[in-house]
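Fold and geometry: a report
Chain by chain, the residues:
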Amino acid sequence: MEVPVYNLTGEAVRHVEISDLVFAVPFNEGVVHQVLVAQRANARQGTASAKTRSQVAGSTHKMFRQKGTGNARAGSRRSPLRRGGGIVFGPQPRSYRQAIPKKMRRLALRCVLSAKVRDGELKVLEDLTFAEPKTKNMRQMLDALGAVSSTLVITNEPENNTIKSARNLPGIKTTPVNLINVLDILSHQMLLITEEAVRTTEKIWGQPLERRGDYAPV
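What comes next concerns the included structure.

Calculation rules
Residues numbered from 1 in each chain as written. Predicted model: local features only at pLDDT ≥ 70, side-chain atom pairs only at ≥ 80, totals over all residues. Heavy atoms only, no water. Helix = DSSP H or I, 4+ residues; strand = E, 2+ residues; numbered from the N terminus. Rg over C-alpha atoms; globule rule 2.2 N^0.38 Å. Contact = heavy atoms within 4.5 Å. Areas by Shrake-Rupley, 256 points an atom, 1.4 Å probe, with all protein chains shown as cover. Lys, Arg positive; Asp, Glu negative; His and termini not counted. Charge placed at Lys NZ, Arg CZ, Asp CG, Glu CD. 1 Å grid on protein atoms, 1.4 Å probe; cavity = no way out; pocket = protein on both sides within 12 Å on 5 of 7 lines; lining within 4 Å. Points joined across faces, edges and corners; volume = space filled by probe spheres on them. Nonpolar A, V, L, I, M, F, W, Y, C, P; charged D, E, K, R; others polar. Buried < 20%, exposed > 50% of the residue type's maximum accessible area, 1.4 Å probe, protein only. Expected span 1.5 Å × (residues − 1). Core = buried A, V, L, I, M, F, W, Y, C linked by side-chain atoms within 4.5 Å. Salt bridge = Lys/Arg side-chain N within 4 Å of Asp/Glu carboxyl O.

1. Observations regarding the overall build of the protein
- For the protein, the count of helices and strands is seven helices and six strands.
- Ordered by position from the N terminus, the helices and strands of the protein form the series β-β-α-α-α-β-α-β-α-β-α-β-α.
- A globule of 218 residues ought to have a C-alpha radius of gyration of about 17 Å, yet the protein, at 27 Å, is considerably larger.
- Judged by the C-alpha coordinates and their principal axes, the protein covers about 95 × 55 × 30 Å.
- In the protein, of all internal contacts separated by at least 6 residues, the share reaching a separation of at least 24 is 70%.
- Within the structure as shown, the protein displays about 13,700 Å² of accessible surface, and the carbon and sulfur contribution to it stands at 50%.
- Mean positive and mean negative side-chain charge positions of the protein (33 and 19 charges, respectively) differ by 27 Å.

Take a look at the structure:
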């Protein structure tokens with residue numbers, strides 16, 4: 001598959017060939033959904049905690065005698081029925097982690113990258129370097145490329161000037177190519193990726209995984 005390569009002024013300077021194994025994969029909604037749910041679940045700290053009636057402060061002495069007062073019978077002040085009492089079935093610290101097979105994660109990433117290419121929401125940049133960190137230069141580059149909404153800027157290596165130029169722009173996020181994930185890609189409408197980062201993506205995510213039991217001949 002061939003895609004145009006743009007410079008910082010938004011002009012298409014040439015076309016390059018990109019791997020169909022990474023950027024032309026049919027969309028698998030079930031796999032993408034499962035990986036996305038797992039990624040969001042794994043980001044949860046799981047530290048929410050509520051005190052039960054055995055953990056809250058308060059006397060366990062019976063509040064008043066059982067009969068003769070005209071009130072409803074009552075026991076401890078820690079009862080969940082009373083203000084300041086314990087919580088029934090409240091949240092307790094737990095792990096929300098979900099294990100996702102490596103093949104499934106790789107397929108989901110290929111699916112979302114391919115969807116961006118099909119929808120025309122992925123643009124390859126010839127280079128993305130700034131002489132100095134300046135938000136104005138980043139804004140002009142994004143406007144020239146038509147990236148007017150949320151945009152994920154992917155570079156091959158962390159570029160300090162690029163990061164500093166984009167961090168004050170709402171909806172713009174920069175990330176090195178080895179940290180791209182399904183959640184970030186789906187959370188941004190436009191993807192801007194350098195040509196060098198495309199080659200790294202093909203190298204990392206374009207290699208088929210060996211099946212269990214497949215061994216190289218001795």
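Further notes follow.
2. Observations regarding the layout of surface pockets
- In this model, the largest pocket occupies a volume close to 340 Å³.
- Surrounding the largest pocket, 18 residues form its lining, Val35, Gln39, Arg105, Asn181 and Trp205 being those nearest its centre.
- Mapped by element, the contributors of at least two residues to the lining of the largest pocket are helix H2 (29-42) and helix H3 (102-118).
- Across the lining of the largest pocket, the residue classes tally to nine nonpolar, five polar and four charged.

3. Description of empty space enclosed by the protein
- The tally for this structure, following the rule as stated, stands at one cavity of 30 Å³ or more.
- Of the voids in this model, the largest cavity is the one considered here, and its volume is about 40 Å³.
- Considering the residues around the largest cavity, the lining is formed by Thr155, Glu157, Pro158, Glu159, Thr162, Ile163, Thr174, Thr175 and Pro176.
- Elements that contribute at least two residues to the lining of the largest cavity include exactly helix H5 (160-166) and strand S5 (172-176).
- Looking at which element gives the most residues to the lining of the largest cavity, the answer is S5, with three residues.
- Tallied by class, residues from the lining of the largest cavity come to three nonpolar, four polar and two charged.

4. What to know about the environment of Gly46
- Its place among the elements puts Gly46 in the loop between H2 and H3.
- The class of Gly46 is buried, set by a relative accessible area of 14%.
- In the structure, Gly46 is positioned 47 residues away from Pro93 in sequence and 5.4 Å away in space, judged by C-alpha atoms.
- Residue contacts for Gly46: discarding those within four places in its chain leaves Pro93, Arg94 and Tyr96.

5. Focus on H3
- Relative to the 24 Å expected for 17 residues at 1.5 Å per residue, H3 spans 24 Å between its end C-alpha atoms, a close match to the ideal helical length.
- Buried within H3 we find Arg106, Ala108, Leu109, Arg110, Cys111, Val112, Leu113, Ser114, Ala115, Lys116 and Val117.
- Packing partners of the buried residues in H3 comprise helix H1 (20-23), H2, strand S3 (122-125), helix H6 (182-187), strand S6 (190-194) and helix H7 (195-205).

6. What about the nonpolar core?
- Within the largest apolar cluster, 31 residues are counted, with the highest numbers of intra-cluster contacts made by Phe23, Leu109, Leu113, Leu122 and Ile154.
- Among the elements that line this core, the one with the most residues is H3, at six residues.
- In this view, Leu109 contacts Ile180, Asn181, Val182, Ile185 and Trp205; residues no more than four positions away in its chain are not counted.
- Ranked by size, the runner-up nonpolar core spans 15 residues in total, among them Leu145, Ile172, Met190 and Leu192.

7. Quick notes on the pattern of salt bridges
- Enumeration according to the criterion identifies six salt bridges in this entry.
- Note that Lys116 and Glu121 form a salt bridge whose closest N and O atoms lie 3.2 Å from each other.
- A residue is classified by how much of its surface remains accessible, and Lys116, at 8% relative accessible area, is buried.
- Asp184 serves as the salt-bridge partner of Lys173, at 2.9 Å between the closest nitrogen and oxygen. Pair noted here: Lys173 is in strand S5 and Asp184 is in helix H6, with a separation of 11 residues, a long-range link.
- A residue is classified by how much of its surface remains accessible, and Asp184, at 12% relative accessible area, is buried.

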